[in-house]
Every structure is written in structure tokens, then in C-alpha cells.
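Examination of the molecular architecture
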Amino acid sequence: MAGHGNTDSPMMTLSEMAVDVLTTADGRDKTAKSHAHAAAWRASRAAGTPIPLGSATPPLRPSRPDRPELLDPRNVPKRKPGSPAGRIALLHAVAHIELNAVDLHWDIIARFTDVPFPPGFYDDWVRAADEESKHFNLMCDCLEELGSHYGALPAHAGMWRAAEDTVDDLMGRLAVVPMVLEARGLDVTPGMITLFRKAGVDSAVAALETIYAEEVGHVAYGSKWFNFLCGRHELDPRDVFHDLVRNYFHGALKPPFNEEKRAEAGLPPDFYWPLAEEVGRG
Ligand SMILES: [Fe+2]
Ligand SMILES: [Fe+2]
């Protein structure tokens, strides 16, 4: 991608870019900034003059548009997945997850600047944020093609809870966000692709296939940097993972697991099987 379309970008540090995304409410605006800042970061790395990380204070909660209305998951109306309305609801739910993921990846960049990392850490999360921005826009395009839009339906409140719970625990953040929540996406996305293929919604099939392929990378980044930190502190990654998930994750890990894609992402079975259906709901 040439240029970054934002003349402010070269003046900002990477953490300031992250906060710029986090404090932008509109989804299309947020993702446009995310793409622009990611391109600026990549260009600076390619030129051998990386944008400095700097430091900035990310908001406890990112800015979001007035719509969708955010409801307790129990109050979000359930629709039959096989119906046109059900398919729109499913795409809407994925769009909401993707927008949240954009903020999650920029947040991890700005939140933990006191922990030293090789530049590859920032390459990975900038790339993940860039890809989530694409995923959100793909879902918005599919919704619009079906006569709806992001914001037309209520969405789950509490999606940011994992970020707030791990606001001062980077290893907890890595364990819960990429290695539990995004890994869950690998388990459920193939079924969604089948559903849209049966319904003949080709745009959604193509978009979900892109998401499915790229999410493996996000889980892999989580696993890589989790293991890196365990190595730095001479900790056993599996035991630490179990402790952190039990501490921060509110819900059970639900089989069936996509063992093939989880393995591709560096997540071995002895990480997740012992937590299946075991973690209390709360
Ligand atoms: Fe995504
Ligand atoms: Fe992701």
C-alpha cells in the first residue's frame, strides 16, 4: 500500500497512532486511520527508520459509534441462523467483533509500552490491527449488500471486558484475547462459511474465508509473544496459561476445537483441553 493518506502520521509516535485509532468513534473512520497508521509503520520499518514507540495514555474504553445499541448478551434477540434476518444478524455480530478486535490490537501496543520488546512485537500487532480493519469493512460491505448496515441491530455489550480485566497484565491479555477469544473464532468460522455457502451469499463466503485465513496469524502472534514472555521470566507456559485463563476468562472453553488450525497457530492441545467446560461461568 503506497502512502498513508494522513499527513499527521509521520509526526506521531506509534503509541499516539494507537490512541488516535482508539479515540475515533465511527467504524469506517477508525479503520481508515488504522490502515493509514499501519501503512506508515510498515513504510518506516522498510526504510530502516522505525517510528518511535513513544508513550501515550490509551483510554480505558475505546470510542465507539452511537449505534449499535449495546445490550447485555442475554437481551440480544436470537434469530434463526438459516433465515435472511439470521444471516444479517450473524454478519452484524462478526462486524462488532472485528471492530472490537481493531481496538484490542492497538490497545496492546499503547497499553504496555513499559515492557521492552523487539520491533517484531509491534510489526505483529500493527499487522493484526490492519487486518481486523479490513475484516470490519468486509463485514460492513456484506451487510450493506444485504440491505443492512453496522449499527442497524443491537450488539453485545461487555466485549471490551477482557481488555479491562487485563489492563495491567500483559500475559493475561495475551492468554485471554488471542489465545482464547481469537482461537475460538478458528473453531466457529468454518461452520459460518458453510452456512453462507448454502445460502449462496458469495460475498460473505469470500469475506469469511479471508477472515479465517488471517485469524490463524493473530492466534500465532499471541502464542509467540506469550511464550516469549514466559521464556524471559523462566515460567512454564502451559501452567501460566491455565492460571491466567482461570483468573481472567469468564466462561468455559467449548469443544469441539479446531485442532488443526490451533496447532498451526502454535496452540497445543494440553493448553486448552484441560480448561474445556471446566472454567466457571461468571
Ligand atoms: Fe478479524
Ligand atoms: Fe483477529
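Residues numbered from 1 in each chain as written. Chains lettered and ligands numbered in written order. Predicted model: local features only at pLDDT ≥ 70, side-chain atom pairs only at ≥ 80, totals over all residues. Heavy atoms only, no water.

This part is about the overall build of the protein. Counting its regular elements, the protein contains ten helices and two strands. Counted from the first residue to the last, the protein has its helices and strands arranged as α-α-β-α-α-β-α-α-α-α-α-α. Taken over the C-alpha trace, the protein has a radius of gyration of 18 Å; the compact-globule value for 282 residues is 19 Å, and the two agree within 12%. In terms of principal-axis extent, the alpha carbons of the protein reach across some 50 × 45 × 30 Å. When burial is assessed residue by residue, the protein has 51% of its 282 residues classed as buried. Sequence separation of at least 24 residues holds for 82% of the intrachain contacts in the protein that already meet a minimum separation of 6. When the accessible surface of the protein is totalled, it reaches about 12700 Å², and 55% of it is carbon and sulfur. (Helix = DSSP H or I, 4+ residues; strand = E, 2+ residues; numbered from the N terminus. Rg over C-alpha atoms; globule rule 2.2 N^0.38 Å. Buried < 20%, exposed > 50% of the residue type's maximum accessible area, 1.4 Å probe, protein only. Contact = heavy atoms within 4.5 Å. Areas by Shrake-Rupley, 256 points an atom, 1.4 Å probe, with all protein chains shown as cover.)

The next subject is the coordination of the iron ion (ligand 1). Within the protein, Glu98 (OE), Glu132 (OE), His135 (ND1) and Glu215 (OE) serve as the donor atoms for the iron ion (ligand 1), at 1.9 to 2.3 Å. Viewed at the metal, the four donor atoms of the iron ion (ligand 1) are separated by angles of 87 to 160 degrees, and the geometry they form is irregular. One chain supplies every donor to the iron ion (ligand 1), and in sequence these donors are spaced E-x33-E-x2-H-x79-E. A distance of 3.7 Å spans the gap from the iron ion (ligand 1) to the iron ion (ligand 2), which Glu132 bridges by coordinating each metal. Of the two residues, Glu132 and His135 are both situated in helix α4 (residues 120–145); the distance of three residues between them amounts to about one turn of the helix. (Donors = N, O, S within 2.8 Å, 3.2 Å for Na, K, Ca; no water. Tetrahedral: all angles 85-135°; square planar, octahedral: opposite > 155°, others 65-115°.)

Applying the stated criterion across every chain yields a total of 13 aromatic pairs. Their ring planes at 85 degrees and their centres at 5.2 Å tell us that Phe136 and Tyr150 sit as a pair that is edge-to-face. Taken as a pair, Phe136 in helix α4 and Tyr150 in the loop between α4 and β2 (155–156) lie far apart in primary sequence, 14 residues in all. On the basis of relative accessibility, which here comes to 12%, the residue Tyr150 falls in the buried class. (Phe/Tyr/Trp six-rings, centres within 6.5 Å; stacked < 30°, edge-to-face > 60°.)

What follows concerns the pattern of salt bridges. All chains considered together, the criterion is met by 20 salt bridges. For the salt bridge of Arg28 with Asp141, the shortest nitrogen-to-oxygen distance reads 2.9 Å. Placement of Arg28 in helix α2 (residues 27–46) and of Asp141 in helix α4 is noted, with a sequence separation of 113 residues between them. On the basis of relative accessible area, Asp141 is assigned to the partly exposed category, the value being 38%. Put simply, Arg161 and Asp165 hold a salt bridge, and the shortest N to O gap is 3.5 Å. Of this pair, Arg161 and Asp165 both sit in helix α5 (residues 161–165), four residues apart, which is roughly one turn of that helix. The class of Arg161 is partly exposed, set by a relative accessible area of 38%. The class for Asp165 is partly exposed, based on a relative accessible area of 27%. (Salt bridge = Lys/Arg side-chain N within 4 Å of Asp/Glu carboxyl O.)

Tracing the backbone shows Glu98 in helix α3 (residues 84–111). Buried within the structure, Glu98 lacks any salt-bridge partner; Lys134 is the closest side chain of opposite charge, at an N-O distance of 10 Å. Every residue in contact with Glu98, bar those within four places of it in the chain, is listed here: Glu132, His135, Phe136, Ile211 and Glu215. (Lys, Arg positive; Asp, Glu negative; His and termini not counted.)

Another aspect to go through is the coordination of the iron ion (ligand 2). Within the protein, Glu132 (OE), Glu182 (OE), Glu215 (OE), Glu215 (OE) and His218 (ND1) serve as the donor atoms for the iron ion (ligand 2), at 1.9 to 2.6 Å. Counting along the primary sequence, the residues that act as donors to the iron ion (ligand 2) give the motif E-x49-E-x32-E-x2-H.

Among the nonpolar cores identified, the biggest contains 83 residues, and Leu14, Trp106, Ile109, Trp125, Met139, Phe226 and Phe241 are the most heavily contacted of them. If we ignore the near neighbours within four places in the chain, the residues touching Phe226 are Met171, Leu174, Ala175, Met179, Pro237, Val240, Phe241, Leu244 and Phe271. (Core = buried A, V, L, I, M, F, W, Y, C linked by side-chain atoms within 4.5 Å.)

In this structure, the amide linkage connecting Arg67 to the following residue, Pro68, adopts the cis form with an omega of 5 degrees. A cis amide bond links Pro255 to the next residue, Pro256, at an omega of 5 degrees. By secondary structure assignment, the location of Pro256 is in the loop between α8 (237–248) and α9 (259–264). One non-glycine residue with positive phi stands out, namely Glu234, at about 55 degrees. Tracing the backbone shows Glu234 in the loop between α7 (202–232) and α8. Since its relative accessible area comes to 75%, Glu234 is described here as exposed.

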